[in-house]
Amino acid sequence: MKDAADYLGLSPHTLYVWRHRRQGPPSFRMGPRGRVMYRLEALDAWVREQEQADSCSNPALNPLNTPLQERSSRFLGA
């Protein structure tokens, strides 16, 4: 878990809390002691998903890229 947290630039505690809440990157338990593991591919995929979901990184989600008329009716209920 510490290696995954370092890789993501997060604290292990944040990763622990996200896992407990079933948020964050997918993980699994391995071995007799149930060590929490993360696949590098899963971490990379999760980061890409976060990047695409962020309106600053994804122009399609940025409300400023919506035509003004469509924006006003969507946000003002007109």
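Model, not experiment: these values are computed from the prediction. (Residues numbered from 1 in each chain as written. Predicted model: local features only at pLDDT ≥ 70, side-chain atom pairs only at ≥ 80, totals over all residues. Heavy atoms only, no water.)

This part covers the overall build of the protein chain. If you tally the helices and strands in the protein chain, you get four helices and two strands. Mapped in sequence order, the helices and strands of the protein chain form the string α-α-β-β-α-α. Here the protein chain, with 78 residues, has 17% of them falling under the buried criterion. Put simply, 18% of the contacts in the protein chain that link residues at least 6 apart link residues at least 24 apart. By element, 53% of the accessible surface of the protein chain is carried by carbon and sulfur atoms, the whole surface being about 6,300 Å². (Helix = DSSP H or I, 4+ residues; strand = E, 2+ residues; numbered from the N terminus. Buried < 20%, exposed > 50% of the residue type's maximum accessible area, 1.4 Å probe, protein only. Contact = heavy atoms within 4.5 Å. Areas by Shrake-Rupley, 256 points an atom, 1.4 Å probe, with all protein chains shown as cover.)

The next thing to look at is the nonpolar core. A4, A5, L8, L15, V36, Y38, L43 and W46 form the largest nonpolar core, which has eight residues in total. Among the secondary structure elements, those contributing two or more residues to this core are α1 (2–8) and α3 (40–53). Take this core: its biggest share by element is three residues, from α1. Excluding anything up to four places from it in sequence, Y38 contacts M1, A4, L15, R19, P25, P26, S27 and L43. (Core = buried A, V, L, I, M, F, W, Y, C linked by side-chain atoms within 4.5 Å.)

With that out of the way, let us pick up unusual backbone geometry. Peptide bonds are, in most cases, trans, and in most cases residues other than glycine have a negative phi. At R22, a residue that is not glycine, the phi angle is positive and equals roughly 60°. Relative to the assigned elements, R22 resides in the loop between α2 (12–20) and β1 (28–30).

A few words on the pattern of salt bridges. Taken as a whole, this structure holds one salt bridge when the rule is applied. For D6, the salt bridge identified is with K2, shortest N-O distance 3.0 Å. Highlighted residues: D6 and K2, both in helix α1, separated by four residues, approximately one helical turn. The exposure class assigned to K2 is exposed, which follows from its relative accessible area of 52%. (Salt bridge = Lys/Arg side-chain N within 4 Å of Asp/Glu carboxyl O.)

Moving on, we get to α3. Spanning 14 residues, α3 covers 20 Å between terminal C-alpha atoms, matching the ideal 20 Å at 1.5 Å per step. Lining the buried residues of α3 we find α1 and α2. (Expected span 1.5 Å × (residues − 1).)

With that settled, the discussion passes to the environment of D3. When you line up the elements, D3 lands in helix α1. For D3, a relative accessible area of 60% corresponds to the exposed category.

Keep in mind these numbers describe shape, not what the thing actually does.
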